[in-house]
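Examination of the molecular architecture
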Amino acid sequence: MTAVRVPGTPLIEDGRLVSTSPATGAEAGRLPVATEADVRAAVERARTAADWWAGLGFAGRRDRLLRWRGVLARRMEELADLVHTEGGKPVGDAVVEILTALEHIDWAARNARRVLGPRRVRSRLILAEFTAHLEYQPYGVVGVIGPWNYPVFTPIGSAAYALAAGNAVVFKPSEYTPAVGQWLVDRFAEVVPEQPVLQAVHGLGDVGAALCRSGVAKLAFTGSTATAKKVMAACAETLTPVLLEAGGKDAMIVDSDADLDAAAEACVWGALTNAGQTCIGIERVYAVDQVFDAFVDKVVTKAGRLTVGPDGADIGPITMPSQVDVIRRHIDDAVAAGGRPVLGGPEAVQPPYVHPTVLVDVPEDSAAVREETFGPTLTVNRVRDVDEGVERANALSYGLGGSVFGRKRAVAVARRLRSGMAAVNSTLTFAGMSTLPFGGVGDSGFGRIHGEDGLREFGRAKSITRRRARSLLPSMTFERTPADVARLVKAAKLMYGRGR
């Protein structure tokens, strides 16, 4: 009996990974599947490439990265169409994703020297005879395992920063979007033809596991929390450092003095863009009692206008077919527990599409509140005040991003969210801010991409001291005398003996 092919599900035929559209089943790409030996060979090639790439210096790498950025910008319609075909994402959303990725390439290229380059660090009186210098040296070869939901923006958030820091990169795209990943690598090769500085290896989870064990000097992963734990365990075998950006269940808090029209607009975008398949997407809202009803009405009105379909619609298909079952389970569980659908509901699940669904009065212990849904659904619950909203928002083990709408207390409330990032009177904006680090806490992972912290993630701190004068208080020598020790004691009491 021949198995039924589900559109969008990765398939291996004759040693090749076949990628298809989740909406139409049309083939988007056919890439060679890497064996464990292939992965190790790619890493070995990357080691030689890394030496050459590091030797270009910051200026040489900046020039190449900006040329790569230029190629992507000039061909962004082509890339957006491929993202749409392979993952189902609406073309407009793909354009926004690509634009954000271009900004990150640009910032990383232009700022790597300032952030990572050699600089003098002030020494202290106790070692005043020495100067101190700090620089960040590249690891060599960095492995990047990317996700399918943002196949351009997310891997570039690691790869561009690793490249700017002087590393070569071996990139394993998601098996759901390998054609997009290969397209990015091919465009890079157009501007860096001399060495395989950026390579792609394709396949299922076993290829990702092989990359973890391949001898890369560091690995950056984006994906589910469950897979992040497997990645970390595999890398632990060789003490390979990891950067993990895992799942999320981000919350929005709506205060009594919030601009409700702006809050509803941002909420609908934050929850439903990319069919809700966003790690920093808004999946929970806690609105204070005074504005709850009005806020829900506005959200339902705005979300109810969105169109769903394959082409030209606001919301496209669910990219990973198996995720439809998760979304269905969460909606059914919420309704069975007493939650009330004010838009959509169980009938909204129409594979490969899920129509916008807004649920209210959902118990906090339900799967729809506690587990990552990754679909165009939203729970909105009433709270007495922002303190209760913060308490509920922080009750989960996830801690990626979040949002607060309000005036007087919004920034203070945002600081209290247990998350790596927060947006005030907007949603998701920290992802596009190239100057800010991006990452989570708890089950959402650790380490940071983007911004100065993101550049430093891909460089080893190297500290250098240099003697510039004779030691007045010799301490680190067997030549010191009892009188020297007495002077050290006296100096320590003078410098540190006071209580402040």
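Quick note: structure is the one above.
Report on the accompanying structure. Within any chain, residue numbers begin from 1 and follow the written order of that chain's sequence. In keeping with the predicted nature of the model, local features appear solely for residues at pLDDT of at least 70, side-chain atom pairs appear and are counted solely at 80 or more, and the whole-chain, interface and lining totals rest on all residues. The basis for every side-chain value is the complete set of heavy atoms in the structure, and neither hydrogens nor water enter the calculation.

Details of the overall build of the protein chain
Strands are runs of DSSP state E lasting at least two residues, helices are runs of H or I lasting at least four, and both sets are numbered from the N terminus onward. If you tally the helices and strands in the protein chain, you get 17 helices and 21 strands. The globule rule puts the C-alpha radius of gyration for 500 residues at 23 Å, and the 26 Å found for the protein chain is close to it. Projected onto its principal axes, the C-alpha coordinates of the protein chain cover approximately 85 × 60 × 40 Å. The proportion of buried residues among the 500 residues of the protein chain is 55%. Considering only contacts within the protein chain whose residues lie at least 6 apart along the sequence, 70% involve residues at least 24 apart. Using a 1.4 Å probe, accessible areas were evaluated by the Shrake-Rupley method; residue-level cover was limited to the displayed protein chains. Taken as a whole, the protein chain presents about 21,600 Å² of accessible surface, with 54% of it coming from carbon and sulfur. Across the protein chain, 59 positive and 56 negative side-chain charges occur, with their mean positions spaced 13 Å apart. As a reference, a globule follows 2.2 Å times the number of residues to the power 0.38, and the radius of gyration itself is taken over C-alpha atoms. For the exposure calls, accessible area comes from a 1.4 Å probe over protein chains only, and a residue counts as buried if that area is under 20% of its type's maximum, exposed if over 50%, partly exposed in between. Note on definitions: a residue-residue contact is assigned when non-hydrogen atoms from the two residues lie within 4.5 Å. The positive count covers Lys and Arg only, the negative count covers Asp and Glu only, and His and the chain ends enter neither. Just so you know, the charge point we use is NZ for Lys, CZ for Arg, CG for Asp and CD for Glu.

Some words on the sheet that holds strand 9 (residues 218-222)
Across a sheet, strands are paired by hydrogen bonds formed along the backbone, either parallel or antiparallel in direction. Ordered in space as 8-7-6-9-10-20, the six strands form an open sheet in which the pairing is mixed. Of all strands in the sheet, those with a lone pairing partner are strand 8 (198-200) and strand 20 (445-446), marking the two edges. In short, DSSP must find at least two bridges between two strands for them to pair. Examined bridge by bridge, strand 7 (residues 168-172) and strand 8 share three bridges and lie parallel to one another. Paired with V170 across the strands is Q199, a residue of strand 8. Axis lines are fitted to C-alpha atoms, over the contacting stretch for helices. Their N-to-C directions set the angle, which ranges from 0 to 180 degrees. Across the face of the sheet, helix 7 (residues 205-212) comes into contact with strand 6 (141-145), strand 7 and strand 9 while running at roughly 155 degrees to strand 6.

Description of helix 4 (residues 91-116)
A helix is expected to span 1.5 Å for every residue after the first. The first and last C-alpha atoms of helix 4 sit 36 Å apart over 26 residues, in line with the 38 Å expected at 1.5 Å per residue. Throughout, bend refers to the angle between the axes fitted to the seven residues that end at a position and the seven residues that start at it. The largest bend along helix 4 measures about 40 degrees and falls at R110.

Quick notes on the packing of helix 9 (residues 260-272) against helix 10 (residues 289-304)
Two elements in contact, helix 9 and helix 10, have axes whose closest approach is 9 Å; the angle formed by their N-to-C orientations is 50 degrees. In terms of their interaxial angle, helix 9 and helix 10 are classed as oblique. Crossing hand, helix 9 versus helix 10: right-handed. Where helix 9 approaches helix 10, its residues L260, D261, A263, A264, E265, C267, V268 and L272 are matched on the opposing element by V291, A294, F295, K298, V299, K302 and A303. The class makeup of the residues in the contact of helix 9 with helix 10 is 11 nonpolar, no polar and four charged. Orientation is classified from the angle alone, with under 35 degrees giving roughly parallel, over 145 giving roughly antiparallel, 65 to 115 giving roughly perpendicular, and any other angle giving oblique. Crossing chirality is assigned from the near helix's rotation relative to the far helix, an anticlockwise turn below a right angle marking it left-handed and a clockwise turn marking it right-handed. For this classification, Asp, Glu, Lys and Arg are treated as charged, while Ala, Val, Leu, Ile, Met, Phe, Trp, Tyr, Cys and Pro are nonpolar and the rest, including Gly, are polar.

Quick notes on the sheet that holds strand 3 (residues 27-32)
As summarised here, the arrangement of the three strands in space is 1-2-3, forming an open sheet in which the pairing is antiparallel. Of all strands in the sheet, those with a lone pairing partner are strand 1 (11-13) and strand 3, marking the two edges. Sheet twist, expressed as the average angle between the axes of neighbouring strands with direction ignored, equals 30 degrees. With respect to the sheet, helix 6 (residues 178-191) is in contact with strand 2 (16-20) and strand 3, its orientation differing from that of strand 3 by roughly 65 degrees.

Notes on helix 1 (residues 36-55)
In this model, helix 1 (20 residues) spans 29 Å end to end at C-alpha, consistent with the 28 Å of a helix rising 1.5 Å per residue. Helix geometry: helix 1 is bent most strongly at A49, by close to 25 degrees. Within helix 1, burial applies to V39, A42, V43, A46, A49, A50 and W53. Among the residues trailing helix 1, G57 stands out with phi positive, at a value near 75 degrees.

Details of the side chain of S366
Position of S366 relative to the elements: it lies in the loop between strand 16 (357-360) and helix 12 (367-370). By relative accessible area, S366 is classed as buried at 3%. A polar contact is formed between the side chain of S366 and the backbone oxygen of P363, at a distance of 2.9 Å. Side-chain atoms alone can form a polar contact between residues adjacent in sequence; in general such a contact is a pair of N or O atoms within 3.5 Å, and within protein one must be able to donate a hydrogen while the other accepts it.

Comments concerning the environment of T429
Looking at the secondary structure, you find T429 in helix 15 (residues 429-432). Accessibility expressed as a relative area gives 41% for T429, which makes it partly exposed. Taking the C-alpha atoms as reference, T429 lies 9.5 Å from G270; in sequence the two are 159 residues apart.

Structural notes on the pattern of salt bridges
Criterion for a salt bridge: a side-chain nitrogen of Lys or Arg within 4 Å of a carboxyl oxygen of Asp or Glu. Across all of its chains, the model carries 32 salt bridges by this definition. Linking D289 and R382 is a salt bridge whose minimum nitrogen-to-oxygen distance equals 3.0 Å. Placement of D289 in helix 10 and of R382 in strand 17 (residues 377-383) is noted, with a sequence separation of 93 residues between them. Residues R329 and E371 are paired through a salt bridge, measuring 3.0 Å at the closest nitrogen-oxygen approach. With R329 in helix 11 (residues 323-336) and E371 in the loop between helix 12 and strand 17, the pair connects residues that are 42 residues apart, well separated along the chain. By relative accessible area, R329 is classed as partly exposed at 41%. In this structure E371 comes out as partly exposed when scored by relative accessible area, which is 33%. Here the salt bridges do not stand alone but share partners, grouping E364, R384, D385, E388 and R392 into one network.

Considering unusual backbone geometry
Negative phi values dominate among residues other than glycine, just as trans dominates among peptide bonds. The residue after P351, namely P352, is reached through a cis peptide bond having omega 5 degrees. Considering the arrangement of structural elements, one finds P352 in the loop between strand 14 (349-350) and strand 15 (353-354). We note that D361 has phi near 55 degrees; this positive angle belongs to a residue other than glycine. As for its placement among the helices and strands, D361 is situated in the loop between strand 16 and helix 12. Overall, D361 belongs to the partly exposed group, its relative accessible area being 38%. Although it is not a glycine, L428 sits at a positive phi angle of roughly 70 degrees. Structurally, L428 is set in the loop between strand 19 (423-424) and helix 15. Of the residues examined, L428 reaches a relative accessible area of 13% and is grouped as buried.

Here's the deal with the environment of G389
With respect to the helices and strands, the residue G389 is situated in helix 13 (residues 386-393). Since its relative accessible area comes to 0%, G389 is described here as buried. For the pair G389 and G420, spaced 31 residues apart in sequence, the C-alpha separation works out to 18 Å. If near-sequence neighbours (up to four positions away) are discounted, G389 is found in contact with I253, Y286 and V383.

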